[in-house]
Amino acid sequence: MLILGAGFAGSYVARLLGKRAPELEVTLVDPRNYMLYTPLLPEAASGTVEPRHAVVPVRVMCPKARLLLGRATAVDMATRTVAVQPAEGEPFEEGFDTLVVALGAIARTAPVPGLVEHAVGFKTIAEAIHLRNHVLQQLELASTVDDPAERRRRLTFVFVGGGYAGVEAMAELEDLVRDASRHYPSVRNVPRRWILADAADHILNDLRGRLGEYAADQLEKRGFDLRLNTVLRAVDADGVELSDGEHVPTATIVWTAGVRPNPLVAQLGMPLDERSRIVVDEHLQAGEGVWALGDSAAVPNAAAGGATDPPTCQHALRQARTLARNIAAAAHGEKLRTYRYRMLGQAATLGRHKGVFEALGAFRFRGFPGWWLTRTYHLYQLPLMSRRTRVVSDWTVGLFFRRDVVELGSLGRPEPLEPPAR
Ligand SMILES: Cc1cc2nc3c(=O)[nH]c(=O)nc-3n(C[C@H](O)[C@H](O)[C@H](O)COP(=O)(O)OP(=O)(O)OC[C@H]3O[C@@H](n4cnc5c(N)ncnc54)[C@H](O)[C@@H]3O)c2cc1C
């Protein structure tokens, strides 16, 4: 059995199958050997969680599965083979009898001039760490320039997309810059601008009502400039142009305006829905021996009257549980189970020990209790006790010591050796 994608959905399916049907030979294909726990990505960017602790090693999480490190590039349903491009070496083919497609999603970009060249996304650990280093570098550069306009440009940060990723990333990075600026006396008192633009008339779309209003209110009180009903018109090396007519000089543009399914799913020849997600039935089956789940699948939820799930890890995890059960049931000749999941809640951190947390649509918490419950919930969801312990130790250290403000942009890119002296 082959699972394409060892992200949230794929690695959970492999882990659960190792327990439910250990006789099945499961192979995971992914260019990364870790599962990224995305809810901790904003904290990895701001430095309250060590980046390595926000990811889970697939080989530890799924000890019974075989991991093939490489990128699936094509699937041939007729011969039931997948073409895999490893990081190094020749491409090869891997056969399957059962296929699970869990390829996730990528950032949904818009045809904005200069966007791809100058903006950074916020979906991978590499992007989060890049952003952390970039933001700290802006402080360094701002502290060394004499031109006030250039200093203001370096200290202006623009985020586009007011969903969870954009709001949490911006709030956490503002915390980082505020803490770090105490070490930069020349810019400590220079006003910094944090702009969040969104095409809608509100932020945090899934968190409407009082909690959503509280979140927007908190961000505005902290000085964030929320530009609602506003889209990005153009980006260049000097700044951005917004649809309200303002040209904002900045060196930091973060694009968090939604996701779209991994483009590879469009090449599989499977029926897709209007959002280009693989259509699956109530058992998560897409065809004979083919299953799909997570952000790249349109999964009907019986607990939501058959409406398809939104792209979240809490849904991906519950889908994985049903799918592992159904694959094991299919292998053992048992009845398949219908997928149903009633959402537990919504949660977001807003920085400065504040957050919003809604449970079962009835219990709402904000401020410090909202922040504490959000963290506790993420901890509960994080797989592996060893990972949880590491994250708790990061948080505990953060209570007693100031934030680490070191900028390690050169990490992973060592200088080449000098040629031998003559
Ligand atoms: C910043 C951020 C914060 C988030 N916070 C929350 C939150 O607080 N709560 C919540 O519920 N959800 C949150 N989400 C959403 C959540 O991360 C996704 O819904 C979830 O990860 C979907 O799981 P998945 O397995 O479908 O995709 P992913 O977890 O993205 O996994 C896809 C996998 O496929 C692999 N892959 C890609 N292309 C190929 C290829 N060609 N061949 C092989 N493998 C490939 C990737 O390397 C990856 O490992 C957040 C997302 C982001 C970006």
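Note that the structure is predicted; figures quoted are calculated from it, not measured. Along every chain, residues carry numbers that run from 1 in the direction the sequence is written. This being a predicted model, a pLDDT of at least 70 is required before a residue's local features are given, and a value of 80 or more before pairs of side-chain atoms are given or counted; all residues contribute to the totals for chains, interfaces and linings. With hydrogens and water excluded, all non-hydrogen atoms of the structure serve as input to the side-chain values.

*Asks:* Can you explain empty space enclosed by the protein? Please cite residues and give values.
*Replies:* Buriedness of a pocket was judged along seven lines, with at least five required to meet protein on both sides within 12 Å; pockets are open sets of points on a 1 Å grid over the protein atoms alone, cavities are sets where a 1.4 Å probe fits but cannot get out, and lining residues have an atom within 4 Å of a point. Grid points are joined across faces, edges and corners, and a volume is the space filled by probe spheres set on the points. Within the structure shown, the criterion is met by one cavity of 30 Å³ or more. Empty space within the largest cavity amounts to approximately 30 Å³. Lining the largest cavity we find P39, P42, E43, E168, T349 and H378.

*Asks:* Any chance you could break down the packing of aromatic side chains for me, citing the residues and the numbers?
*Replies:* Each Phe, Tyr or Trp ring (for Trp, its six-membered ring) is paired with any other whose centre lies within 6.5 Å, and the angle between the two planes then decides the class: stacked below 30 degrees, edge-to-face above 60, tilted in between. Enumeration over the complete set of coordinates arrives at nine aromatic pairs. Taken together, the aromatic side chains of F157, F159, W194 and F224 make up a single cluster linked through ring pairs.

*Asks:* I'd like to hear about unusual backbone geometry, residue by residue, with values.
*Replies:* Of note, the phi angle at R352 is positive, near 45 degrees, even though the residue is not glycine. In this text, helices come from DSSP runs of H or I with a minimum length of four residues, and strands from runs of E with a minimum of two, each type numbered from the N-terminal end. Inspection of the secondary structure puts R352 in the loop between β23 (345-349) and β24 (355-359). Using a relative accessible area of 34% as the deciding quantity, one classes R352 as partly exposed. Phi at L384 is positive, roughly 75 degrees, even though this residue is not glycine. Residue placement: L384 occurs in the loop between α10 (367-381) and α11 (385-400). Each residue's exposure class comes from its accessible area (1.4 Å probe, protein chains only) as a fraction of the maximum for that residue type: buried when under 20%, exposed when over 50%, partly exposed otherwise. By relative accessible area, L384 is classed as buried at 13%.

*Asks:* For the pattern of salt bridges, give the residues involved together with the corresponding values.
*Replies:* Each reported salt bridge corresponds to a side-chain nitrogen of Lys or Arg within 4 Å of a carboxyl oxygen of Asp or Glu. In this structure the tally under the stated criterion is 21 salt bridges. For E94, the salt bridge is made with R66, and the minimal N-O distance between the two is 2.4 Å. With E94 in strand β7 (residues 92-95) and R66 in strand β5 (residues 66-76), this residue pair connects regions lying 28 residues apart in the sequence. Accessibility expressed as a relative area gives 15% for E94, which makes it buried. Take R66: its relative accessible area is 40%, and that puts it in the partly exposed class.

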